[in-house]
Each structure stands twice: as C-alpha cells, then as structure tokens.
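Residue strings, one per chain:
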Number of protein chains: 4
Amino acid sequence: MAQQETAYHAGHVRTDLAIEAREFYSRQENRNDIPGVEVDILKQEDITVTRVKVVEDVGARIIGKPKGNYITIEVPKLRDNDKDLQENVTRSLAEEIIRLVSLKDDSVILVVGLGNWNVTPDALGPRVVEHLLVTRHIIEYVPDQVDEGVRSVCAIAPGVLGITGIETSEIIRGIVEKVKPDLVIAIDALASRKMERISTTIQLADTGINPGSGVGNNRKELSEESMGVPVIAIGVPTVVDAATMANDTIDMLVDSLVSQSRKEGEFYNMLKNMNRDEKQRLINEVLAPYIGNLMVTPKEIDRLIEDISVVIADGLNIALHPSIEMDDVGRFIN
Amino acid sequence: MAQQETAYHAGHVRTDLAIEAREFYSRQENRNDIPGVEVDILKQEDITVTRVKVVEDVGARIIGKPKGNYITIEVPKLRDNDKDLQENVTRSLAEEIIRLVSLKDDSVILVVGLGNWNVTPDALGPRVVEHLLVTRHIIEYVPDQVDEGVRSVCAIAPGVLGITGIETSEIIRGIVEKVKPDLVIAIDALASRKMERISTTIQLADTGINPGSGVGNNRKELSEESMGVPVIAIGVPTVVDAATMANDTIDMLVDSLVSQSRKEGEFYNMLKNMNRDEKQRLINEVLAPYIGNLMVTPKEIDRLIEDISVVIADGLNIALHPSIEMDDVGRFIN
Amino acid sequence: MAQQETAYHAGHVRTDLAIEAREFYSRQENRNDIPGVEVDILKQEDITVTRVKVVEDVGARIIGKPKGNYITIEVPKLRDNDKDLQENVTRSLAEEIIRLVSLKDDSVILVVGLGNWNVTPDALGPRVVEHLLVTRHIIEYVPDQVDEGVRSVCAIAPGVLGITGIETSEIIRGIVEKVKPDLVIAIDALASRKMERISTTIQLADTGINPGSGVGNNRKELSEESMGVPVIAIGVPTVVDAATMANDTIDMLVDSLVSQSRKEGEFYNMLKNMNRDEKQRLINEVLAPYIGNLMVTPKEIDRLIEDISVVIADGLNIALHPSIEMDDVGRFIN
Amino acid sequence: MAQQETAYHAGHVRTDLAIEAREFYSRQENRNDIPGVEVDILKQEDITVTRVKVVEDVGARIIGKPKGNYITIEVPKLRDNDKDLQENVTRSLAEEIIRLVSLKDDSVILVVGLGNWNVTPDALGPRVVEHLLVTRHIIEYVPDQVDEGVRSVCAIAPGVLGITGIETSEIIRGIVEKVKPDLVIAIDALASRKMERISTTIQLADTGINPGSGVGNNRKELSEESMGVPVIAIGVPTVVDAATMANDTIDMLVDSLVSQSRKEGEFYNMLKNMNRDEKQRLINEVLAPYIGNLMVTPKEIDRLIEDISVVIADGLNIALHPSIEMDDVGRFIN
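Residues numbered from 1 in each chain as written. Chains lettered and ligands numbered in written order. Predicted model: local features only at pLDDT ≥ 70, side-chain atom pairs only at ≥ 80, totals over all residues. Heavy atoms only, no water.

### Quick word on the overall build of chain A
- Looking only at helices and strands, one finds 14 helices and 9 strands in chain A.
- Within chain A, counting contacts between residues at least 6 apart in sequence, those at least 24 apart form 72% of the total.
- With the model as given, the accessible surface of chain A reaches about 13400 Å², and the carbon-plus-sulfur share is 45%. (Helix = DSSP H or I, 4+ residues; strand = E, 2+ residues; numbered from the N terminus. Contact = heavy atoms within 4.5 Å. Areas by Shrake-Rupley, 256 points an atom, 1.4 Å probe, with all protein chains shown as cover.)

### Examining the relation of the copies chain A and chain D
- Taken as rigid bodies, chain A and chain D are interconverted by a rotation of 180° and an axial shift of 0.0 Å, the fit giving an RMSD of 0.0 Å. This pairing of chains is accounted for by a two-fold axis. By C-alpha distance to the rotation axis, the residue of chain A lying nearest is G174 of chain A, at 2.0 Å.
- An overlap of 100% is found between the interface residues of chain A and their copies at the interface of chain D, pointing to a shared contact surface. (Least-squares fit on C-alpha atoms with pLDDT ≥ 70 in both.)

### A few points about the environment of I47 of chain D
- By the element assignment, I47 of chain D lies in the loop between strand 1 (37-43) and strand 2 (48-54).
- Leave out the neighbours within four places in its chain, and I47 of chain D touches L42, I73, E74, V75, L85, N88, V89 and S92 of chain D.

### Observations regarding the side chain of Q86 of chain C
- Looking at the secondary structure, you find Q86 of chain C in helix 4 (residues 83-100).
- Setting aside its immediate chain neighbours within four residues, Q86 of chain C contacts L78, N81, D307 and V311 of chain C.

### Some thoughts on the pattern of salt bridges
- Under the definition given, this model contains 56 salt bridges over all chains.
- Residues K178 of chain D and E177 of chain A are paired through a salt bridge, measuring 2.7 Å at the closest nitrogen-oxygen approach. Placement of the pair is K178 of chain D in helix 8 (residues 168-179) and E177 of chain A in helix 8 (residues 168-179), with the two residues belonging to separate chains.
- For E96 of chain D, the salt bridge is made with R99 of chain D, and the minimal N-O distance between the two is 3.8 Å. Placement of the pair is E96 of chain D and R99 of chain D together in helix 4 (residues 83-100), with a separation of 3 residues, close to one helical turn.
- Given the relative accessible area of 4%, E96 of chain D is considered buried. (Salt bridge = Lys/Arg side-chain N within 4 Å of Asp/Glu carboxyl O. Buried < 20%, exposed > 50% of the residue type's maximum accessible area, 1.4 Å probe, protein only.)

### A few points about the nonpolar core
- Membership of the largest hydrophobic core comes to 90 residues, with the highest contact counts inside it found for I202, I312 and L316 of chain A together with I202, I312 and L316 of chain D.
- For I312 of chain A, the contacting residues outside a window of four places in its chain are L93, L124, V128, I187, I202, I234 and V236 of chain A.
- One finds V89 of chain B together with V129, I312 and L320 of chain C within the second-largest nonpolar core, a separate group that totals 88 residues. (Core = buried A, V, L, I, M, F, W, Y, C linked by side-chain atoms within 4.5 Å.)

### Structural notes on the confidence of the model for chain A
- Scored by pLDDT, chain A comes out at a mean of 81, with 75% of its residues at no less than 70.
- If you check the scores for this complex, the pTM reads 0.83 and the ipTM reads 0.84. (pLDDT = per-residue confidence, 0-100.)

### Considering the environment of I301 of chain C
- Note on placement: I301 of chain C falls in helix 13 (residues 301-320).
- A residue is classified by how much of its surface remains accessible, and I301 of chain C, at 6% relative accessible area, is buried.
- A sequence separation of 63 residues divides I301 of chain C from T238 of chain C, and the C-alpha atoms of the two residues are 7.8 Å apart.
- What I301 of chain C contacts, discounting residues up to four positions off in sequence, is T120, P121, I198 and T238 of chain C together with M295 of chain D.

### Considering the interface of chain A and chain D
- With 32 residues of chain A at the interface, the matching set in chain D holds 32 residues.
- For the pair chain A and chain D, the summed buried area comes to about 2700 Å², and 54% of that belongs to carbon and sulfur atoms.
- Area buried by chain A at its contact with chain D is led by W117, Y141 and K178 of chain A, which between them contribute 20% of it.
- Summed over the shared surface of chain A and chain D, the number is 4 salt bridges.
- Summed over the shared surface of chain A and chain D, the result is 14 residue pairs in polar contact (both at pLDDT 80 or more).
- Contributing elements (two or more residues each) for the side of chain A that touches chain D: helix 5 (124-130), helix 6 (136-141), strand 5 (152-156), helix 7 (161-164) and helix 8 of chain A.
- Ranked by residue count, the leading element in the side of chain A that touches chain D is helix 8 of chain A, at 8 residues.
- By residue class, the composition of the side of chain A that touches chain D is 16 nonpolar, 6 polar and 10 charged. (Buried area = accessible area lost by both parts, 1.4 Å probe. Polar contact = N/O pair within 3.5 Å; in protein donor to acceptor, adjacent residues only side chain to side chain. Nonpolar A, V, L, I, M, F, W, Y, C, P; charged D, E, K, R; others polar.)

Put into structure tokens, the structure is as follows:
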C-alpha cells in the first residue's frame, strides 16, 4: 500500500487522493479554486465523477501531486450490494479509462496488481488481477480462437517488498522490457482520511504511482518516465490512516468542547495557535509505536475488497476489449 | 467478539481484561489494593502470570466482573516467533488450566470456539477448534484405539449471531443437553485498551462469559448458571477498541500539550473538570458512525492469530489429556 | 460429505443421486419405468428438471433410497459463468423448493450447512450459510425493522465429526429442541458417478439425509423421524468417487478393447461373467489404501463451489421470504 | 504445475520424478543399473536419499530427463505430523542443497515460487516464498541491521500462464536481468504416479525445469541455458495424474483377474500383446474430457501443502544463510 511509503513525508496533509488534497486546501484557504488546477464535476444520481487536472507547477505544489489528470468516481452507496449500481459504476469506470488512454487495435496492456494478497485490505491489486480477462497468451498461441475486438492483455501481481526483497518497480521494469506493452495500468489500495471513502471511491490518474512525492525517488516510481510507456494508476481507499483518524477525532472533539463550554478564551487560542503540522507531529509522536503497523478498517473488509475488485476488473475488461460489454463480462472470466 | 456486546454498557472503563480494569482503578484511585480482590503475581523471565481473585461483591463492582478467578498470562515477546518461548507459554497455560478445573479420568469436555471465521481477528475461537485434539467420537466408536490418559474432548465453532440468527448460548445449551459434558471451555477474541496486548496476553476465567456485565442478561451468558456445568473462558486480545484508542491518544496529547505550554490555568481545569465518562461519551458520539464496524489491528494479524491459536490449542491438549506432553502435541493433531 | 459414510454399503451402485440410481437401473435392466417409481421430466432450454417420486417399497429397494420426492435440476452449462442462466436456475430452484415445502407466514426455518469449510469440495454447506439472508434474530429483537413477507430463518454450519467429535445429527437435534423450527433444510456436497455433474446438478429431496441407506442407523439420520420436523435435503455433486471413476474408465476401456479386437470369445465371456459387484469389489480392494482419503475434483473447484453456493443461497432466500425476488437478493445479504 | 505441460509428450512414462522413471525402467527391463546413469542411495531411519546422476546421453534418453543431478528425499512418514522428523528432513534438505550449489558470501539468490496460489495443490511454490527469509532489501537499504552469514535472498511467485498471460520464464528472465542473481532456485508442485508420494518426497535437480522434455522448447525452460545463471529445481508431488491412476488400477485389476481365473490363454495374451503405449493412449482417449482439468489429491491436501512448504522454506533458510540453524528458523520469519 502506498500509505506505508508516504506516511512521513507530508508537510502536506497525508492522503493518497487528489480530491482530498483539494478539499483540504479549499477548507483551509476558504476558496474553491486552486491556481493551476482545473476541476470538472459530473453528478449523476448515485455517482459523482470529479476530473481534476493539475496543469501548472503551482497547482502541483498545492495538491502535492505531479501535473496530470486525476479522476475520482465517488459512489457513497457502493457498499450497499446493489447490483444495478455496481454495473453503472463499472460502466462509468470503463468510460473514464477510455477517455484517459489512447489505444490501437493491437496495443498490448500490462495490468499490475500491487499489494499483498495475504493482508486483506492490501489485496485489492492481486484480486483485480484474478478477475481480469487475460488474453495475451491466447492471442500469441491460438490467435484463431480470439474474436475481433479483443486486445492483448497480460497481468502480474508481484507482491510487496517485504515478501520479495525486490522493489516492485524493478520487477515491473524487467517484465516491461520482455513484454513491451504499450500501456501499464497499476492497481493499488490507498489510504484515505475518511472512513466513508473505503471501497466507495475510485481514483484514476495518468501520472502513475509516485511514492514519497516523487522527489528524486525515481527508482521506486511506476511512471512513464521510469517505465518508458504511459502508466495509469487506479486506486481505491481500503484503510484509514490511524494518525489521521486520531487527528480528525480530536478536531471534532475540540469543536464539540468549545461549542459546549462557550469558553473561547485561552483554550481556544491555544489550539488555534497550535498549527496543524505541529498537532499532526504530536499525534504521530504519540502514535509512533503503532504507525506503519496499524490498520483501521471496517469489519466487512473482506467482502468489500471482493466486490470492488470485480467492479474494477470488469471496468478494465470493458475498457480494454472493444467487443466486450457489460453483459459479457461474467462469461469470459475464469 | 465480546466487545461488540459490551461496548456501550460501560460506566466502567471499556475492557474485556480484568487486569486492565484493575490497572485502571489503581491508577485512578492511586492505590494498589482493591477491596474484595486478591492478587497474586508470578514473574518468570519472559512470562508474567497474574492471578486475580474477586472474592467479595465490592471487588466485583469495582472490577466490573463477577466474583471468581481471573488469570492473565502476559508475554510481551510472544509475537517474536520464538518457538522455545511459545512452548513455555503453552506449558504455563496448561498448568493454569489444570489449576482452575477439576477433572476425573472419564470427564467429557466441550470446547466452544466463539467468533466468526471470516473476520480474521474474530477467528481465534474457530481456529483453536481446528487445532484441537478431538477424541469423543473415537472413544465412543473405537475405544480400543484410544490410549489411557486421553479424555473425551469434543468441540464446536457455532458462528456468530449475525450469521446464524441464533444466540450462541442457545446453540451451546442445546448441544450441552445432548453431549452432557462435565466442563465447557469457551475460547473468544477480546478487545484490549492497549495495542501491545494484541496476541501477547491470555486471560482465563472460571466465571464464564458474561456479556453486558451480566445484569439480568442471563439468556446470553455462557456460565455455570446458564449451562448447568462449569464454564471456563479463555480469551486473547486481538483488536483495540477504536474509541479507546482515540481516547488514549487524546489523553496523551493533552498531557503533552499541558506540559509543553505550561499553561495550566483555564485549559487544564477544563479538561480536569470534564470527567472521564463525559469525555468518553463525547468520543463515542464523534466516532458513532464508525463504532461497531471499525477494527484496529496490526497488519500481521493473520499470522498472529494463527500462532496464538496453536499455543492455546496445544495448552488445552496437554491440560485435558494427562498422557499428552509438549513433544507429542503435533503428532496427534489432524 | 455423505459419500464417506455410504461408500461401502453398496450392493447398489454407489451414488448420492436418485437420478443416477434410476439411470443405472434403466441401463442394466434395459427398461425405462421402475416399478413403484413415478417420473416427471420438464425440459427447458438449458435446464432439465426431473421429479422422481418413489411411492412404493419396491421402488425404494431398486433406487436404494427411502420413499419420497427427489427433484433433480440439471444445467450442463451452469459452469459457463453466464449470469442470466444462473438467475434462471436460482428461480427454478426457488420454485421447486416452494412446491416441496408447506410454510405458514410465521414458520421458522433452520438451514443446516453440512460439511467441512476447510476442504474446498466439502465446503458447499458452510458457504451457502454465509450467503443466506438470516432473519430470526432481527425478527426477535427488532421486529419493527423487518418487512412483511420476511420469514424467520436461522442457520448453522456445525462442522464434521472429525473436527467436532459429535455426530452432526446430535448437534442439530440439540439446536432444533431450542429453536423449535417448523422445517429443517440441510445442504450437503454429494458424490457423483460423472465428472460433468460437478456443480451442474442440484438435487432436492424431502426424505432428509440418510447415510448408510438408513438401515437401523437412525442416530445419524437428518430426517423427519429423527428431528421431529420435516427435513428437506439440497445436494450438489462436488466430487467424483475415485473407485467409480476407475470403474467407469475400465468399462470404457473394455468396450474399446472388445470392439477393436473383435475377439469376443473367452475374454468377452470372462468380463461378462464377472458381475458388477464382483468387479467393483476388486476395484475397491485395489484402491483400498486410497479410498476415503482421495478426492477427484476439477481444478477450478474453488470458483465452482462459490458460484453454486450463491445460486442455492439465493434460491433459498427467494423461496423462504415471499417479499424477496431475484432483483433483491444481493441487496439484503451481509 | 509442470504436469499440465508434460502430460501428452510421453513415449516415456508420465512422471516428473527421475526416481520413478528409473523404477519404471528397472521393472520393465528387469535390471537395476541404467546405462549412463549413476545411482547412490543413503538410508537413514525414516529418510532415504537417492542421488541419481545422469552422465551420458543414453541415460538421459532412458530417464527422459537432461543430463545432471537428481536428488530425491523420500520420507514415507512425513505426513504423520512428527516435528522431530520434520526437522530432520529440513536438515537433510539443507545439506543436499548445499552439496548441489556453490555459493560465495556475497552471492545473490532468487527463489521462484511457481504455481497458482488459488489452487491448493498448485500453491506449493507461492507458499514456500511466504515462509522464506528474504533479505535482499534489508542488505541493500539497512546493511547495518544484517548479521554476518546472511546472504542476499529475494523471491517471487509470478503466478501461472492462465492468470498472467505471460510465460513464467519470460517474467523470470526479466527479473533476472534486473536483479542479476548468482543462482535461481525454482519451487514447483509435481505430479507423481503414486498416491503415497504426495507430500512425502522432495526432488532436487540442477538441470532446472524443462517442460516438454526440453525438446526445442527453450523458451519455456527455467534453466541455466535460458537464464544465464545456474538453476536449481525443488519439487514435491502434490497430485496424482488421473490417467496414471486409472492405468495403474487397470494393471492391478488385470493382475488380480488373471491370477484368480487362472485363464491365461487368449485374455492374457491379448493384454500382453497390447503394449503400454497403446493402453495409455486408450486410457487418455477415454479420460480425454477430464484430463488437464482433473485433480486427484488427498482430502487433507491443504494441511499437507502447508507443512511441506515450511520444511522447504526452512531448508532453504538454513542452506542459504550460513549463520542460521534449525533452532533459529522460526525466529526470523515474518
């Protein structure tokens, strides 16, 4: 999970989601537009698609992410196990993927499922790979059995550094050099600031995955620069950062205290004067023995990961293979 | 898990561990002895055994648990994967079980694995059942194949109310009436106030399991009163309560703030004046949408549960079958 | 799985399926009707429903099963992962369940998931229980939250004798006496003679589950007689019996040899003269060290069990709750 | 699993084990020595180590495997869950690995866990990887934390062709070019002719893995030739080939028939005249719809795979890291 690697870099707020970085900035600065960032919001009944385009360096600095496109699909009711809604989200995801990439009929796509299949909330990537319609070997060995409109898709779930001893980016670079795909799509579990985002939000980005804000850490990047081909990242929040949760709880508690006690003098000033970074630093210190090791997840995380994996895999199946539509997806998958 | 059922009853501090209730009282009241409670502590190199005996009603009220014996085995290094230490803990556990129960050669023991096998931190009970040396059917059908010194042991992991729709105590009572055991041993995952207790502490109690402080809720009890035979409870903390973690973090943060700012006037008084129950109530309110649904666990929870399940199952195998010793345990288990 | 218990009783052919016993008889005797047995066949496009009614003792002896109703739903394409077909089978199953049982609005139904959740092909029962809409506790504790047309359903997956040390029928009887259901539905994995039946055939029976042909083995039965309430059995073949597979292979091989060699003299006579029981006895002898321990399953058995579990659970959800229809099933399940 | 790829090439008998090929030849030719093959057998109490060295082409043709060393460790009682025996096997395995490879203090070793983690009997490789002491990243990033006598070990479980769409050998070659190991060790599940070998036999070979007898299929090979570094293969039988089982059953049945009937005339001659290839071809034809899809495994396969994975991982941990001994292995592994 990306959060392990980014947890300590933040002067920025700690989040993997561009949309949360934007919200945070807006709330803090009390303004809705961010310089150098374009935002486009589409609201449907149960689905909100937000397209954030970071166009200038100033925006990248504020958002804390490289220039590029960040699309967020928010579906608060996605946990409700409504099959129709799941299908609508699958279609939305497929459309956004198609908008973001540019593929030819004979393009080869490598899907990378990041994360650890033994840690439930980190197993999103490997599980998407399992539900994927993989075709490259069939196209190569028995091309006659493949319909028109089916692209060459291959996939790998390489595991995490602690299990392999090899940087994931090294493994992927090695495979990219052999397979020579035209596009890499990396799936990863994310950390969110908000419990309610867990398995209800999907983020797409065409900037790849840049742990540690990408500052000079080129070696660990999964990006066009490091791979030599475009890299799309698809992420879903599956855990809440424990420090974040503690911080948010404290903020809420203080608000509640202040409004109840009506004593806004010394106490209010004191908390007001303690800036956010200071407070976050204190919380990190207090939680230090826990952090990196702690997970905060919903109890039903196993089912949530399974459901969202199917949505993402089917979205990819539809987006990558022109001849496949919603009604077909189940039919092809092993 | 017991914590689901007890989370909201607390005027007392929220914990499943008698030892934590005792610590809490001692810290709050600044005294080491609790009226009506006897405490006996045995320190070995890496293992501390604390025997708490609640002998009078006043002690039961303070501790928030019925009169009876509560033995806690604390092994801070138990997560370190040290086989020798695991074997020592297994032996300690077996000794404490033997001290607590009184068995005849032909006693029948029913082990109940509480919890949900699909939710990792709640799967302790079912996993212990899997590692148990179950003999009742062999003794009944092919008694010739059973050595002397093997008692009749049977086991069940009935699942949780949300999956069965039946109170666990009803299921167990039904089985007890058929099997007519001389002793019931119930294994359960517990909530702790402290992260470091997760899978390092084992609690035994001869008072059974009494969700909701046992006030008139006889129906849900797993106790001698409700089952008609003695009930031993064995529990291991596998989660931290999210509200507890938030509360503790805030306490630590406030301490830190106070000591840094040296401003002990209004702010200090305000927090001092807000009593614990009030603060906990506020935190519960703030965390309400999360609570009951949230788990805070270590990342390696899957391995931790597996390891401690083996320790408990082997401890039971040694304690219940006089002819089985540490070196044999692996040999008999399926 | 039932096959473990019945494997050695057979003078009859070894199968859990009434439809296979019937086919076997028909082939052997070269006649289509069986005395004392009524057969009704409904063919739809991809689904064949065969209703076998054993009405007289003579039929029961021939079929090797007690008098009662045996409904078989055969769907050769059910493994193809076609969602529409799965929904049609779910509906067919629901209809056949409704035909077979007689329920009042306030009936209480106990669903029993037989089998071992740790052995994939034997995990059918426990997995159906997981996907079931269980309502009894909600109706009991918060009746206001339950819609009209929702019946009281509870469920248990008790595990197998080797894990519990207790006969499953004893456990269920104990629970039945507490819960007092009006109907018990038992789900079990079956053995089939044919590979192609694995997870493509569903059998319903209103005679319960009678291991060992039920001869005097009342104690192990899950039947109306032993439980005091009607018992419906739902079974799906998930393994092929290894002895059966060897036997069938040999039959096919002999046919092939005979037709190739055109030597029908001594050899043909010898095999012809060796009756089936004799041959089966020989094969059992030869395979003895394997049998009871061996499983023959398809490689994708994990996915097949998951898919068919959902079909059966949804079929039950629709059949047992009048207000629930196909479109709703996902919405209610945990 | 290798058996999928080799099942149809056999003019030779179908087996992944050199020791079985040798037995088969010996029985058929009624002689104990094979030209061009050296055999060395070490018998201990419960462990038999057989070192087969194929030194000349004639031997390679007979055995059906390339020239090189094939070491087989046979432990019939390995399934009995005897911890002492498991430790002895672990030590034997470590010794044989050390004999077979030649490592320097700073050698880098890449362990490859072949197979599919979702199909239990094929999950041997991935599970060994999970239990392995992986050190490369620690040596690289925090060399101070690593003791002397710990070598740089990394590992990957790439999945199978049906899931990735990429030949495993391509993936490994890509990673080898990045990581530049001095040795590759590949772990794989094997097919055996004999049920009793399942998880009781370990085969080491320094010829790598050569699906399809390696005839011109260089592309799929995991060998020194294709990888540029020495490749050691470690395999354990986890399934019986269904065709093999049928064939063996028939052979035993025919023997039994012949000896019983004393009719050795026409029938005996006919079967005698039908050569093995012919008979195997017939069986393959008869079983064709099953083959490739069928698994024959023991029921307790899940536990067997877990136990043998630990033995192999620990054997590797001891063999690859000079400072690690039997008592330490548990201590280091996550």
